Amino acid sequence: MTKMMNLSRETVSLLLLALLSSTLLLCSGDSTTVEDESPPTVCIIGSGIGGSSVAHFLRNYSASTALSRSRILMFERHERVGGRMRTVTVSGDTFEAGGSILHPKNYHARDFVERFNLTVRSPTAVEECSAVGIWDGKRFVFKTFGSSIPFADKIVSWLNDVYMFVRYGFSLLRMSNFIENMIDNFLKYYESLDSRPVFDSVEGMLKWSGLYNLTKVTLQEKLSDAQLSPLLVNELVTVITRINYGQSVLISGLAGAVSLAGSGGGLWSVEGGNWQMAAKLINHSDVTLHLNEQIESVSHLGDYYELKSAKGNSFKCDVTVVSTPLDEVDIQFSPAISIPKRELQHTHATFVRGLLNPEYFGMKSVSDVPALVGTLEDPLIPFSCISILRKYSATDMTYKMFTRQPASDSLLDELFSARTETVRIDWGAYPKYHAPEVFAPFILDDHHLYYVNAFENAASTMETSAVAGENMARLIVSRFRTKESSSSSPSSDTRSCSSGLHSDM
């Protein structure tokens, strides 16, 4: 009996030890799985300012989530990064060919430049005092004064202010107030993270800042409500929207307001090219970059996305971010996605080294033609604007011209008396804006497929893309954090398991 009791105690002890060992293995096995679990992969399609901003802010905001160890893959169908930020070389000189100017209150761009020790290029006094002319197809209906003498720039600027006030009156002040009100609302996107929500839709993002209603009416209607004179709207405002968006004052009010903001003072760019902002963001975000890798399909396969490229390569992604306009790229989605149909406004940028033909503008000398020629909204006028980029001599300059259609050689031969070099670039530059605007969703499915460029229907600039990219990074982190918290409940079972064993021992 004693031996049986001893045997029973030994058996019970062995059973307890076995139970303890297996339970500890079970509990510790769960944590080992979490630690050894491969980090998530985030795939970004597009290397412009939007996609590069997503990568940058993901690294900044994901410290307390599994995304902190994520792999970021970026796919660019061209041989260079930057998207619609690009430079062009004409006779050895480099000029901006895509997104060209930044506003003094573009705070993300400012931060990128300071963070990566890039150099700000501001217009020279002479450039800011260049003459501007408004061409109606037959004559200049308005021309400002220009100056090539640096110390005279302030006097000339004052004269132009008076001259413009005489023509447009107090409508200029009302236009300025309209722009400032829009900017004040836009600045809310730079508020602290604690006071700024994460937005899962463009509509919500715009309503929170007070900008949504501007997308419901045309710029023309909004400026009429603000009591701007038809003369100012049909002339100066029209010239600005044609230059900045290649469209008329019938664009939506918000896009129009952003366009007008891009005509003020203090504008700047990055020395050597604005594309460097994207390049620096990518280089400092630990991104694996795939150039010349055009993604042809995105398929959701249960727990992950499979991306296939035109090269036949396949990539497995936990998160997929589309940061390129889907309007003119052929990416097949499975399951299919649903976004509103949208057209892009093409801007044909033509760079010419040579000399403008003054006779085209009814002038005797090329010096009589303003340095910037803007145009009214008339289908018979074949260009939106022509401007001098660099003056080498009185008979040798580099010009930049925007047109809505490709600039033919016959047109160029009419406009220029001499051409030594011509470079043409066709940009699918921005959406064709309408009112009321309809927006694509930020989240394209029920999982982790995102679309940064949905915000472009509000306005399309380098800074608005960075703002959308920053919100997108926060949205991804927020949804990942929610997913993690909902799947981490076994921790309570582990605690009760270990405490129970401890009390039994």
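Along each chain, the written sequence defines residue order, and numbers are assigned to residues from 1. Two thresholds apply to this predicted model, a pLDDT of at least 70 for residue-level local features and 80 or more for giving and counting side-chain atom pairs, whereas whole-chain, interface and lining totals are computed over all residues. To obtain the side-chain values, all non-hydrogen atoms of the structure were included, while hydrogens and water were left out.

1. A few points about the environment of Ile337
Then step 1. Note that Ile337 resides in the loop between strand E14 (332-334) and strand E15 (344-356).
Then step 2. Aside from chain neighbours lying at most four places away, what touches Ile337 is Leu326, Leu444 and Leu449. Elements are defined by DSSP. Helices are runs of H or I of four residues or more, strands are runs of E of two residues or more, and each kind is numbered from the N terminus. By the convention used here, residues are in contact when the closest approach between their heavy atoms is within 4.5 Å.

2. Let's talk about the confidence of the model for the chain
As a note on interpretation, predicted positions should not be read in detail where pLDDT is low.
Then step 1. What pLDDT reports is the predictor's confidence in each residue, on a scale of 0 through 100. On average, residues of the chain score 89 in pLDDT, and 88% of them are at 70 or above.
Then step 2. Here residues 1-36 is modelled with pLDDT under 50, and outside its nearest four sequence neighbours on either side it reaches six contacts, counting other chains as well.
Then step 3. Every residue in residues 489-505 is under pLDDT 50, and counting partners more than four places away or in other chains gives five contacts.

3. Observations regarding the environment of Val329
Then step 1. By secondary structure assignment, the location of Val329 is in the loop between strand E13 (319-322) and E14.
Then step 2. Here the term buried applies to any residue with accessible area under 20% of the maximum for its type, exposed to any over 50%, and partly exposed to those in between, with areas from a 1.4 Å probe on protein chains only. By relative accessible area, which is 17% here, Val329 ends up buried.
Then step 3. Val329 has contacts with Arg77 and Thr324, leaving out every residue within four places of it along the chain.

4. So, the packing of helix H6 (residues 171-186) against helix H9 (residues 230-245)
Then step 1. As a rule, the C-alpha atoms of each element are fitted with a line to give its axis, helices using only the stretch in contact, and angles between N-to-C directions run from 0 to 180 degrees. At a minimum axis distance of 11 Å, the contact between H6 and H9 shows a crossing angle of 60°. Judged on the interaxial angle alone, H9 and H6 are oblique. Crossing angle aside, the handedness with which H6 passes H9 is right-handed. Facing Ser171, Leu172 and Met175 of H6, the residues of H9 in contact are Leu232, Leu236 and Val237.
Then step 2. Broken down by class, the residue content of the contact of H6 with H9 amounts to five nonpolar, one polar and no charged. Angles below 35 degrees are treated as roughly parallel, those above 145 as roughly antiparallel, those between 65 and 115 as roughly perpendicular, and all remaining angles as oblique. By the definition used in this description, the sense in which the near helix is turned from the far one sets the handedness, with an anticlockwise turn below a right angle giving left-handed and a clockwise turn giving right-handed. Each residue is assigned to one of three groups, with Ala, Val, Leu, Ile, Met, Phe, Trp, Tyr, Cys and Pro labelled nonpolar, Asp, Glu, Lys and Arg labelled charged, and all others, Gly among them, labelled polar.

5. Focus on the side chain of Asn106
Then step 1. If you trace the backbone, Asn106 turns up in the loop between strand E4 (93-96) and helix H3 (107-115).
Then step 2. For this analysis, a polar contact is any N or O atom pair within 3.5 Å, provided that within protein one partner can donate a hydrogen and the other can accept it, and provided that sequence-adjacent residues contribute only side-chain to side-chain pairs. At a separation of 2.8 Å, a polar atom in the side chain of Asn106 contacts the main-chain amide nitrogen of His103.
Then step 3. Aside from chain neighbours lying at most four places away, what touches Asn106 is Tyr190, Trp268 and Glu463.

6. Focus on the pattern of salt bridges
Then step 1. Salt bridges are defined as contacts in which a side-chain nitrogen from Lys or Arg sits within 4 Å of a carboxyl oxygen from Asp or Glu. Under the criterion given, the structure shown has 16 salt bridges.
Then step 2. Residues Lys432 and Glu343 are paired through a salt bridge, measuring 3.7 Å at the closest nitrogen-oxygen approach. With Lys432 in the loop between strand E19 (416-431) and strand E20 (449-451) and Glu343 in the loop between E14 and E15, this pair connects stretches of sequence that are 89 residues apart.
Then step 3. Given a relative accessible area of 31%, Lys432 falls into the partly exposed group.
Then step 4. Overlapping salt bridges, with partners in common, bring together Asp409, Asp413, Arg419 and Arg424 in one network.

7. Some points on the sheet that holds strand E18 (residues 396-403)
Hydrogen bonding along the main chain pairs the strands of a sheet, whether they run parallel or antiparallel.
Then step 1. Read from one edge to the other, the open sheet built from seven strands follows the order E7-E6-E16-E17-E18-E15-E19, with strand pairing classed as mixed. Both edges of this open sheet fall to strand E7 (140-143) and E19, since each of them pairs with a single strand only. Recorded for the sheet is a direction-independent mean angle of 20° between the axes of neighbouring strands.
Then step 2. Strand pairing is defined by DSSP finding a minimum of two bridges between the two strands. Pairing between E15 and E19: 13 bridges, direction antiparallel. In the strand pairing of E19, Ala349 is matched with Ile425.
Then step 3. Of the strands in this sheet, strand E6 (132-135) and E7 are in contact with helix H5 (residues 153-168), which crosses E7 at around 135°.

8. Quick look at the nonpolar core
Then step 1. If you look at the biggest cluster of nonpolar residues, it comprises 120 residues, and the most contacted ones within it are Met182, Leu206, Met277, Leu307 and Val321.
Then step 2. The greatest single-element share of this core, amounting to ten residues, is contributed by helix H13 (residues 462-486).
Then step 3. Aside from chain neighbours lying at most four places away, what touches Val321 is Val42, Cys43, Ile44, Ile45, Val54, Tyr450, Val452, Met472 and Ile476.
Then step 4. Ranked by size, the runner-up nonpolar core spans 21 residues in total, among them Val352, Ile386, Met401 and Leu412. Among buried residues, the Ala, Val, Leu, Ile, Met, Phe, Trp, Tyr and Cys ones that are joined through side-chain atoms within 4.5 Å form a nonpolar core.

9. Overview of the pairing of E13
Then step 1. Residues Val319 and Val321 of E13 are buried on one face, and the alternating residues Thr320 and Val322, pointing to the opposite face, are buried as well.
Then step 2. Bridge analysis of strand E1 (residues 41-45) against E13 gives four bridges, and the strand direction is parallel. If you follow Cys43 over to E13, its bridge partner there is Thr320.

10. A closer look at unusual backbone geometry
Then step 1. Between Ser334 and Pro335 the backbone carries a cis peptide bond, its omega angle lying at -5°.
Then step 2. As for its position among the elements, Pro335 is in the loop between E14 and E15.
Then step 3. Of note, the amide linkage connecting Ala435 to Pro436 takes the cis form, showing an omega dihedral of 0°.
Then step 4. One non-glycine residue, Gln227, lies in the positive phi region at around 65°.
Then step 5. Residue placement: Gln227 occurs in the loop between helix H8 (219-225) and H9.
Then step 6. The class of Gln227 is exposed, set by a relative accessible area of 55%.

11. As for the packing of aromatic side chains
Then step 1. Stacked, edge-to-face and tilted labels apply to pairs of Phe, Tyr and Trp rings (six-membered ring for Trp) whose centres lie within 6.5 Å, assigned for plane angles under 30 degrees, over 60, and everything in between, in that order. Scanning the model with the defined rule gives 21 aromatic pairs in all.
Then step 2. Plain terms: the ring middles of Tyr189 and Trp208 are 6.2 Å apart, the flat faces sit at 35° to each other, and that makes the pair tilted. Taken together, the residues span a long stretch of sequence, with Tyr189 in the loop between H6 and helix H7 (202-209) and Trp208 in helix H7 at a distance of 19 residues.
Then step 3. You can call Trp208 partly exposed: its relative accessible area is 27%.
Then step 4. Ring geometry for Phe361 against Phe383: centres 6.3 Å apart, planes inclined by 80°, an arrangement best described as edge-to-face. Here Phe361 is found in the loop between E15 and strand E16 (372-375), whereas its partner Phe383 is found in the loop between E16 and strand E17 (385-393), with 22 residues between them in sequence.
Then step 5. Exposure remark for Phe361: the relative accessible area of 3% places this residue in the buried category.
Then step 6. Among the residues examined, Phe383 registers a relative accessible area of 1% and is labelled buried.
Then step 7. Following the ring pairs from residue to residue traces out a cluster consisting of Tyr107, Phe186, Tyr189, Tyr190, Phe199 and Trp208.
Then step 8. In this scheme, Lys NZ or Arg CZ marks a charge over a ring once it lies within 6 Å of the ring centre and within 35 degrees of the ring normal. The ring of Tyr304 carries the charged tip of Lys316 above its face, separated from the ring centre by 4.6 Å.

12. A look at the sheet that holds E1
Then step 1. If you walk across this open sheet you meet the five strands as E9-E2-E1-E13-E20, and the pairing is parallel. Only two strands of the sheet have a single neighbouring strand rather than two, namely strand E9 (287-290) and E20. In this sheet, adjacent strand axes meet at a mean angle of 20° when their direction is disregarded.
Then step 2. The sheet contact formed by E13 and E20 spans three bridges and is parallel. Among the inter-strand pairings, Val322 is bridged to a residue of E20, identified as Tyr451.
Then step 3. Sitting on the sheet, helix H2 (residues 49-61) touches E1, strand E2 (71-75), E9 and E13, and the angle it makes with E2 is about 175°.

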